[in-house]
Amino acid sequence: MKNFLVKTVANAGALAVAVWLLDKITLTGDSTGKEIGTLLLVALLFGLVNSLVKPVVKLLSLPLLILTLGLFTLVVNALMLLLTSWLAGLLDLSFHVEGFWTAVLGGLIVSVVSWALDVVLPDGDRTR
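My aim in this report is to walk through the structure given alongside it, one point at a time. (Residues numbered from 1 in each chain as written. Predicted model: local features only at pLDDT ≥ 70, side-chain atom pairs only at ≥ 80, totals over all residues. Heavy atoms only, no water.)

## Some details on the overall build of the protein
- Counting secondary structure elements, the protein contains six helices and two strands.
- Ordered by position from N to C terminus, the α and β elements of the protein give α-β-α-α-α-α-β-α.
- Here the protein has a C-alpha radius of gyration of 15 Å; the compact-globule value for 128 residues is 14 Å, and the two agree.
- Counting only C-alpha atoms, the protein reaches 45 × 40 × 25 Å along its principal axes.
- Every one of the 128 residues in the protein was classed for burial, and the buried ones make up 34%.
- In the protein, once contacts between residues fewer than 6 apart in sequence are set aside, the share between residues at least 24 apart is 69%.
- Taken as a whole, the protein presents about 7,900 Å² of accessible surface, with 73% of it coming from carbon and sulfur.
- Computed over 8 positive and 8 negative side-chain charges, the separation of the two mean positions in the protein equals 10 Å. (Helix = DSSP H or I, 4+ residues; strand = E, 2+ residues; numbered from the N terminus. Rg over C-alpha atoms; globule rule 2.2 N^0.38 Å. Buried < 20%, exposed > 50% of the residue type's maximum accessible area, 1.4 Å probe, protein only. Contact = heavy atoms within 4.5 Å. Areas by Shrake-Rupley, 256 points an atom, 1.4 Å probe, with all protein chains shown as cover. Lys, Arg positive; Asp, Glu negative; His and termini not counted. Charge placed at Lys NZ, Arg CZ, Asp CG, Glu CD.)

Right, dumping it as structure tokens:
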């Protein structure tokens, strides 16, 4: 449970950095508290998309991943961010990613920040 919470907070932090850096990724709310709540819900949604959909997409795109030496992962990450944006719209969450290339750059930012936060934040599965 602790590991799940840490990963959700890491996802929320990574998404917050992407929202902060890119104008075409938006998160709106009436107050800071509402924005933080929306960000945490979007992080949960993003975590679900990454754990349920991403492995299937990576398996189906395995030839492209091999052919491009893994660079196609950027496209997969962008598609997961766009899917999260679409699902957030269905759930009436105020998170939106505008355009594929914004999603590619946002996916890259989220990946790098998530990796950095994973290094810094404690993880119950491994010892340091």
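Resuming the write-up.
## Side note on the packing of helix 1 (residues 2-21) against helix 6 (residues 100-120)
- Across the interface, helix 1 lies against helix 6 with an axial gap of 8 Å and an inter-helix angle of 140°. Between helix 1 and helix 6, the angle falls in the class oblique. Pair helix 1 / helix 6 crosses with right-handed handedness. Contact residues: Lys7, Ala10, Asn11, Gly13, Ala14, Leu15, Val17, Ala18 and Leu21 in helix 1; Gly106, Ile109, Val110, Val113, Ser114, Leu117 and Asp118 in helix 6.
- Residue composition of the contact of helix 1 with helix 6, grouped by class: 10 nonpolar, four polar and two charged. (Axes fitted to C-alpha atoms, helices over the stretch in contact; angles between N-to-C directions. Parallel < 35°, antiparallel > 145°, perpendicular 65-115°, else oblique. Left-handed = near helix turned anticlockwise from the far one by under 90°. Nonpolar A, V, L, I, M, F, W, Y, C, P; charged D, E, K, R; others polar.)

## Description of the pattern of salt bridges
- Under the criterion given, the structure shown has one salt bridge.
- Of the charged contacts in the structure, one is a salt bridge between aspartate 118 and lysine 7, with a shortest N-O distance of 3.8 Å. A residue pair is termed long-range when its members are at least 10 positions apart, and aspartate 118 in helix 6 and lysine 7 in helix 1 qualify at 111 residues.
- Residue classification places aspartate 118 among the partly exposed positions, given a relative accessible area of 28%. (Salt bridge = Lys/Arg side-chain N within 4 Å of Asp/Glu carboxyl O.)

## A closer look at the nonpolar core
- Counting 23 residues, the largest nonpolar core has Leu15, Ile25, Leu81, Phe95, Val97 and Val110 as the members making the most contacts within it.
- Elements supplying a minimum of two residues to this core: helix 1, strand 1 (25-27), helix 2 (32-52), helix 5 (72-90), strand 2 (95-97) and helix 6.
- If we ignore the near neighbours within four places in the chain, the residues touching phenylalanine 95 are Leu15, Val19, Ile25, Thr26, Leu27, Val42, Leu81, Thr84, Ser85 and Ala88. (Core = buried A, V, L, I, M, F, W, Y, C linked by side-chain atoms within 4.5 Å.)

## Topic: a nonpolar patch on the surface
- A cluster of nonpolar residues, Phe4, Leu5, Leu41 and Leu44, forms a patch on the protein surface that exposes about 370 Å² of accessible area.
- Among the secondary structure elements, those contributing two or more residues to the nonpolar patch are helix 1 and helix 2.
- Mapping leucine 5 onto the fold places it in helix 1.
- The exposure class assigned to leucine 5 is partly exposed, which follows from its relative accessible area of 48%. (Patch = residues over 30% accessible without salt bridge, like charges linked within 9 Å, V, L, I, M, F, W, Y side chains within 5 Å.)

## Focus: the environment of glycine 47
- For glycine 47, the position within the fold is in helix 2.
- For the pair formed by glycine 47 and phenylalanine 4, sequence separation is 43 residues and the distance between their alpha carbons is 9.4 Å.

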